[in-house]
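# Fold and geometry: a report
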Amino acid sequence: MTEDTDLPRLTPRGDRLQGGGKLFRRPEELADEQFDLLAAAWSDDALGGDSLAETEEALASSPEKRMRAKSFRQIRLSPLNDRWEGRNRMLKVDPGTYAIRRTLIVTLTVAAALGALVILGPLKTTPDNKSTGPAVVDAYPMSEALIPEASPVINTRPAEGVTSATQNMNQTDGAANPSVDKTSRTLHAGVISGSAADITSKPRPVGVIPESLKPEGIVPQQNDITASATNSSIHANSEPRTTAEIAEYHDLAESIALMHDLSGAVPLLAAAPEASRLAPVELKDITPLPALEREENWLVRGLSLLAEAITKEPKSVDGYFIADACIRGVNRVLGWEMELEQEKNNEGEQLATNFSSSLLTFSAPAKKTHP
Amino acid sequence: MTVKEYNNTVREFGDHVYRFIFRSIKDSHRADDIVQDTYEKLWRCVTEIEYGAVKSWLFSTAYNRMIDVIRKDSRLLGVEYYDDSSLYAEENGSDLNDVLHRALETLPPAQRSVILLRDYEGYSYKEIADITALSEAQVKTYIFRGRVALRNYLVMTSVWQ
């Protein structure tokens, strides 16, 4: 193999550019565009080494160029007041806060449910609180229309007054409406067990209207209604109810509801006379229940009656019904937008319960009761 | 990066990224979409990104998304996004910063973006190069040329004599 050094090579001769010195330039000879670019870099502190030295030399030679270069330092943009409107949309809830909020929602919902239980519960059935409830309904005990034979709710040992009231009503009602089974009258009196003595001893006014429902200047005085009811012989205890009286009762209930703009309550107010069509319950079939359980039954069946009377459709009050009512109440009070709905198939079988709010959404499948 | 740190980035850098994009394309709705897309992307890989590097990541991702939008618009409209018909209408009585922002709109998008990153966020040439995927020399060139153009605008509009 031949070494490279062995080959012949050309050696440059001493050729020189004649007049090459004319091509040299000085910094002050830069064109304006070139100088501006250099000045922009200088103002940005981007020059270093020889470039910086030459530029400083050029600036020193010409005050005009120095002023021009310094003007670049003023060309700086400051942020304007631009705000990103969608910033809050992108914030995420961390798991801790999410859990706290979720717990808070559940707590508030439970509190609302308990509040509803306390408000709607049997507190109003005590004699001291009777005046706060709609006495028109109370005059005809709605429990009679609610309690099925299978699980009646009643005291097995009614007071003495109950017996006399039962006898009294059996006599009077039976005379007025022979088609009604007398045993239902027995239950009728027994259900209002706590006030049975009151029923026999003094007639209860029909037209007692809760204070909260009284619009000023529209509602007649309670005494007027009571007097009207008394004159019409519409009493809850001992007076016989003829067809004419029942019709009059309907009219009275409707007029009261219209005065209060409670058109939806008309069926409810008029529901009492229809209760006599329900199946009777024998006292001997009734088993004693603990007081608490009795009150729960009272509440659930009371809600069921309300739902049936207003919608005129058979309603079963279950946990979903109460929870839905509570959620609607919370929405109304707090202005939230929570929603609870049931998924059902074509056969009406419940598939799942869905809950949605701005913070929480979940779907709970229904437990299958049938294989 | 934790959820808390992610939320911090939204609060701390959201406005910065938005104004960078908004001043680059001058369309608030598109800027909002781009920034939102950027944060959606950040949320998808929130566990993979270190909090210290997230600001550059946000600007880089938003810039790339903006370039995609500009290219798409250019294809759809059949025109160059950059409109060079700069109107050197005489500026009078305006704040210099406002005039500069109007002048900024006359620059090509690349120059506009690098100047915004330099002036708004104070990024170095190297950082700007990383965000925009340009070389450092290109970044310098764009910035210096952009500043010359801004100065010329001020002179042409009689703001500067």
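Residues numbered from 1 in each chain as written. Chains lettered and ligands numbered in written order. Predicted model: local features only at pLDDT ≥ 70, side-chain atom pairs only at ≥ 80, totals over all residues. Heavy atoms only, no water.

### Some details on the overall build of chain B
Helices and strands together make up the secondary structure of chain B, namely seven helices and zero strands. For chain B, the N- to C-terminal ordering of α and β elements is α-α-α-α-α-α-α. Residue pairs in contact within chain B that sit at least 24 positions apart in sequence constitute 65% of those at least 6 positions apart. (Helix = DSSP H or I, 4+ residues; strand = E, 2+ residues; numbered from the N terminus. Contact = heavy atoms within 4.5 Å.)

### Notes on the overall build of chain A
Helix and strand counts for chain A stand at 15 helices and three strands. A total of 371 residues make up chain A; the buried ones form 33% of that total. The long-range share in chain A, meaning contacts at least 24 apart out of those at least 6 apart in sequence, stands at 61%. Within the structure as shown, chain A displays about 23,400 Å² of accessible surface, and the carbon and sulfur contribution to it stands at 54%. (Buried < 20%, exposed > 50% of the residue type's maximum accessible area, 1.4 Å probe, protein only. Areas by Shrake-Rupley, 256 points an atom, 1.4 Å probe, with all protein chains shown as cover.)

### Remarks on the packing of helix H1 (residues 32-43) of chain A against helix H2 (residues 49-61) of chain A
Two packed helices can be described by the angle between their axes and the distance between those axes. Residue and element names in this part refer to chain A. At a closest axis distance of 11 Å, the pairing of H1 and H2 adopts a crossing angle of 115 degrees. Considering the angle they form, H1 stands roughly perpendicular to H2. By crossing handedness, the relation of H1 to H2 is classed as left-handed. Residues Phe35, Leu38 and Trp42 of H1 lie in contact with H2, whose contacting residues are Leu52, Thr55, Glu56 and Leu59. For the contact of H1 with H2, the class distribution of residues is five nonpolar, one polar and one charged. (Axes fitted to C-alpha atoms, helices over the stretch in contact; angles between N-to-C directions. Parallel < 35°, antiparallel > 145°, perpendicular 65-115°, else oblique. Left-handed = near helix turned anticlockwise from the far one by under 90°. Nonpolar A, V, L, I, M, F, W, Y, C, P; charged D, E, K, R; others polar.)

### What about the packing of aromatic side chains?
Pairs of aromatic rings are described using the distance from one ring centre to the other and the angle between the two planes. Residue and element names in this part refer to chain B. Counted under the stated rule, the structure contains nine aromatic pairs over all chains. Aromatic side chains Phe20 and Tyr63 sit 6.5 Å apart centroid to centroid with 20 degrees between the ring planes, which places their arrangement in the stacked category. Of this pair, Phe20 sits in helix H1 (residues 3-25) while Tyr63 sits in helix H3 (residues 54-77), placing them 43 residues apart in sequence. Just as Phe20 is buried, Tyr63 falls in that class too. Over the ring of Tyr125 we find Arg118, and its NZ or CZ is 4.3 Å from the ring centre. (Phe/Tyr/Trp six-rings, centres within 6.5 Å; stacked < 30°, edge-to-face > 60°. Lys NZ or Arg CZ within 6 Å of the ring centre and 35° of its normal.)

### Re the confidence of the model for chain A
The predicted model of chain A averages 65 in pLDDT, with 48% of residues at 70 or higher. A low-confidence stretch, residues 123-239 of chain A (pLDDT under 50), is modelled with 173 contacts involving residues beyond four sequence positions or located in other chains. (pLDDT = per-residue confidence, 0-100.)

### A few points about a nonpolar patch on the surface
Residues and elements named next belong to chain A. Together, Leu104, Leu108, Val333, Leu334 and Trp336 make up an exposed nonpolar region whose accessible area comes to about 460 Å². Listing elements by their share of the nonpolar patch, those giving two or more residues are helix H4 (95-120) and helix H15 (319-334). One can find Trp336 in the loop between H15 and strand E1 (339-344). Given a relative accessible area of 33%, Trp336 falls into the partly exposed group. (Patch = residues over 30% accessible without salt bridge, like charges linked within 9 Å, V, L, I, M, F, W, Y side chains within 5 Å. Salt bridge = Lys/Arg side-chain N within 4 Å of Asp/Glu carboxyl O.)

### Observations concerning the pairing of E1(A)
Residues and elements named next belong to chain A. Pairing of E1 with strand E2 (residues 350-356) involves six bridges; the strand directions are antiparallel. When the bridges of E2 are listed, Gln342 appears paired with Thr353. Count of turn residues in the E1/E2 antiparallel hairpin: five residues, of which Gly348 carries a positive phi of about 80 degrees. (Pairing = 2+ DSSP bridges.)

### Quick notes on the packing of helix H4 (residues 96-104) of chain B against helix H7 (residues 136-156) of chain B
All names here are of chain B. Packing of H4 against H7 brings their axes to within 10 Å, and their N-to-C directions diverge by 115 degrees. For H4 against H7, the interelement crossing comes out right-handed. Side by side, H4 and H7 meet where Leu96, Val99, Leu100, Arg102, Ala103 and Leu104 of the first sit next to Leu150, Tyr153 and Leu154 of the second. Across the contact of H4 with H7, the residue classes tally to eight nonpolar, no polar and one charged.

### With respect to the pairing of E2(A)
Residue and element names in this part refer to chain A. Across five bridges, the pairing between E2 and strand E3 (residues 361-365) is antiparallel. Counterpart to Phe355 in the pairing with E3 is Phe362. In this structure, the hairpin formed by E2 and E3 is closed by a connection of four residues.

### Describing the confidence of the model for chain B
Residues and elements named next belong to chain B. For chain B, per-residue confidence averages 85 on the pLDDT scale, and residues scoring 70 or more make up 86% of the total. The lowest-confidence element of chain B is H3, averaging 87 in pLDDT; the highest-confidence one is helix H6 (residues 125-132), averaging 93. Note that pLDDT drops below 50 for residues 79-86; the model gives that stretch eleven contacts with residues more than four away or on any other chain. Here the complex is predicted with pTM 0.48, and the ipTM for its interfaces comes to 0.80.

### Structural notes on the sheet that holds E2(A)
All names here are of chain A. The three strands lie next to each other as E1-E2-E3, forming an open sheet whose pairing is antiparallel. Since the sheet does not close on itself, it has two edges, and those belong to E1 and E3, each with one partner. On average, adjacent strands in this sheet sit at an angle of 15 degrees to one another, irrespective of strand direction. Along the sheet face, H15 touches E1 and E2 and points at about 150 degrees away from the line of E1.

### Concerning the nonpolar core
Ranked by size, the top nonpolar core spans 61 residues in total, and within it B:Tyr6, B:Ile21, B:Tyr39 and B:Leu42 carry the most contacts. Elements represented by at least two residues in this core include exactly H1 of chain A together with H1, helix H2 (28-44), H3, H4, helix H5 (109-121), H6 and H7 of chain B. With seven residues, the next largest nonpolar core counts A:Ile105, A:Ile327, A:Met338 and A:Leu360 among its residues. (Core = buried A, V, L, I, M, F, W, Y, C linked by side-chain atoms within 4.5 Å.)

### Some words on the interface of chain B and chain A
Taken together, the 38 residues of chain B in the interface contact 28 residues of chain A. In this assembly, chain B packs against chain A so that about 3,200 Å² is buried in total across both faces, 62% of it on carbon and sulfur atoms. Considering only the side of chain B, the residues that lose the most area to chain A are B:Asp15, B:Arg147 and B:Arg151, jointly responsible for 19% of the buried surface there. One can count six salt bridges joining chain B with chain A. Remark: the boundary between chain B and chain A carries 15 residue pairs in polar contact (both at pLDDT 80 or more). The biggest single contributor to the side of chain B that touches chain A is H1(B), with eleven residues. (Buried area = accessible area lost by both parts, 1.4 Å probe. Polar contact = N/O pair within 3.5 Å; in protein donor to acceptor, adjacent residues only side chain to side chain.)

### Here we look at H15(A)
All names here are of chain A. If you check H15, its first and last C-alpha atoms are 22 Å apart, about what 16 residues at 1.5 Å a residue would give, namely 22 Å. Those residues of H15 not exposed but buried are Asp324, Cys326, Ile327, Val330 and Asn331. Taken around the axis of H15, the buried residues stretch over an arc of 165 degrees, which confines them to a single face. For H15, the exposed residues set more than 90 degrees away from the buried face come down to Arg328, Arg332 and Val333. Phi for Gly335, located one or two positions after H15, is positive at around 75 degrees. (Expected span 1.5 Å × (residues − 1). Arc of directions from axis to C-beta.)

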